[in-house]
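# Examining the three-dimensional arrangement
Single-letter residue listing:
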Amino acid sequence: MQCLKVYSYSAAVSGDVCTWAAVVDVLGVLFTPLPVPFHNCAQSPSLITLHFLLHGQHHKVPFDPGRLVFPPVPCSVFVVLFYVLYSLLLPHALVHALLSGKLCGYVCYDLTHYYLHHGTPKENSYFHRLKSYHAKHHFVHQETGFGISSTFWDHPFGTLIPDS
């Protein structure tokens, strides 16, 4: 029975590492000011300012090494929100497993994002293709291509950058 618990909690941590990428993509979709009904929430001056503070400054100066991460303070707000939600619905130990996964996902996301901007991946490697995809997000298709560590969530959200 103990072994089953370890596997369950390991699966919870791993699963929540992956959901961080979905959270980031959802935020990208929600805060992108496009003339689509789903995106109308981003027409508010307050939300446009919030978007700029969280991510817009990064787009204004994409190669500034100090502006590459999702800022830790807003990230902490999300952690607290998830903590409260999880605490209301789940056993205490599972709450910690899920939050560990979220935080690990956040760190992996930011490290990958930094590498895509400043690293030199080997040509034709996964990260080389991802770096090219991310450059298109910055300079050609800013309204799509929110996947940073992968393009996985761009498929179901309809935000995949078209092949050119």
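Scroll up for the structure.
The paragraphs below set out a description of the structure included in this document. Note that this is a predicted model, so its numbers are computed, not measured.

### Some remarks on the overall build of the protein
Each helix and strand counted, the protein has five helices and zero strands in total. Helices (α) and strands (β) of the protein occur, in sequence order from the N terminus, as α-α-α-α-α. Taking all 164 residues of the protein together, the buried fraction comes to 35%. Contacts spanning at least 24 positions in sequence make up 51% of the contacts within the protein whose residues lie at least 6 apart. Counting only carbon and sulfur atoms, one obtains 71% of the accessible surface of the protein, whose full area is about 9,800 Å².

### Comments concerning unusual backbone geometry
Phi angles above zero are rare outside glycine, and Asn124 is one such case at about 65°. Looking at the element boundaries, Asn124 is found in the loop between helix H4 (92-118) and helix H5 (126-139). The exposure class of Asn124 is exposed, given its relative accessible area of 59%.

### Notes on the nonpolar core
Trp20, Phe70 and Tyr86 are the most contacted members of the largest nonpolar core, which has 18 residues in total. If one sorts the elements of this core by residue count, H4 sits on top with seven residues.

### Some thoughts on the packing of aromatic side chains
Taken as a whole and assessed by the stated rule, the structure comprises six aromatic pairs. The interplanar angle of 40° and the centroid separation of 5.6 Å between the aromatic rings of Phe82 and Tyr86 together place this pair among those described as tilted. Of this pair, Phe82 and Tyr86 both sit in helix H3 (residues 72-89), four residues apart, roughly one helical turn. Taking the relative accessible area as the measure of exposure, Phe82 reaches 19% and is therefore buried. Relative to Phe127, the ring of Tyr126 lies with its centre 5.4 Å away and its plane at 75°, an arrangement referred to as edge-to-face.

### Considering the environment of Gly101
Relative to the helices and strands, Gly101 resides in helix H4. Accessibility expressed as a relative area gives 0% for Gly101, which makes it buried. In this structure, the C-alpha to C-alpha distance between Gly101 and Cys18, residues 83 residues apart in sequence, is 8.0 Å. Every residue in contact with Gly101, bar those within four places of it in the chain, is listed here: Val13, Asp16 and Val17.

### A word on the environment of Val140
Positionally, Val140 belongs in the segment after H5. The exposure class of Val140 is exposed, given its relative accessible area of 55%. When the C-alpha positions of Val140 and Ile161 are compared, they lie 9.4 Å apart, and in sequence the two are 21 residues distant.

### So, the side chain of His134
Inspection of the secondary structure assignment puts His134 in helix H5. The exposure class of His134 is buried, given its relative accessible area of 3%.

### Focus: the state of the cysteines
Tallying each qualifying case throughout the model produces zero disulfides. A disulfide-free cysteine, Cys104 has its sulfur positioned 4.1 Å from the sulfur of Cys108, the nearest such atom. Overall, Cys104 belongs to the partly exposed group, its relative accessible area being 37%. Exposure remark for Cys108: the relative accessible area of 36% places this residue in the partly exposed category.

Parameters at a glance
Residues numbered from 1 in each chain as written. Predicted model: local features only at pLDDT ≥ 70, side-chain atom pairs only at ≥ 80, totals over all residues. Heavy atoms only, no water. Helix = DSSP H or I, 4+ residues; strand = E, 2+ residues; numbered from the N terminus. Buried < 20%, exposed > 50% of the residue type's maximum accessible area, 1.4 Å probe, protein only. Contact = heavy atoms within 4.5 Å. Areas by Shrake-Rupley, 256 points an atom, 1.4 Å probe, with all protein chains shown as cover. Core = buried A, V, L, I, M, F, W, Y, C linked by side-chain atoms within 4.5 Å. Phe/Tyr/Trp six-rings, centres within 6.5 Å; stacked < 30°, edge-to-face > 60°. Disulfide = S-S within 2.5 Å.

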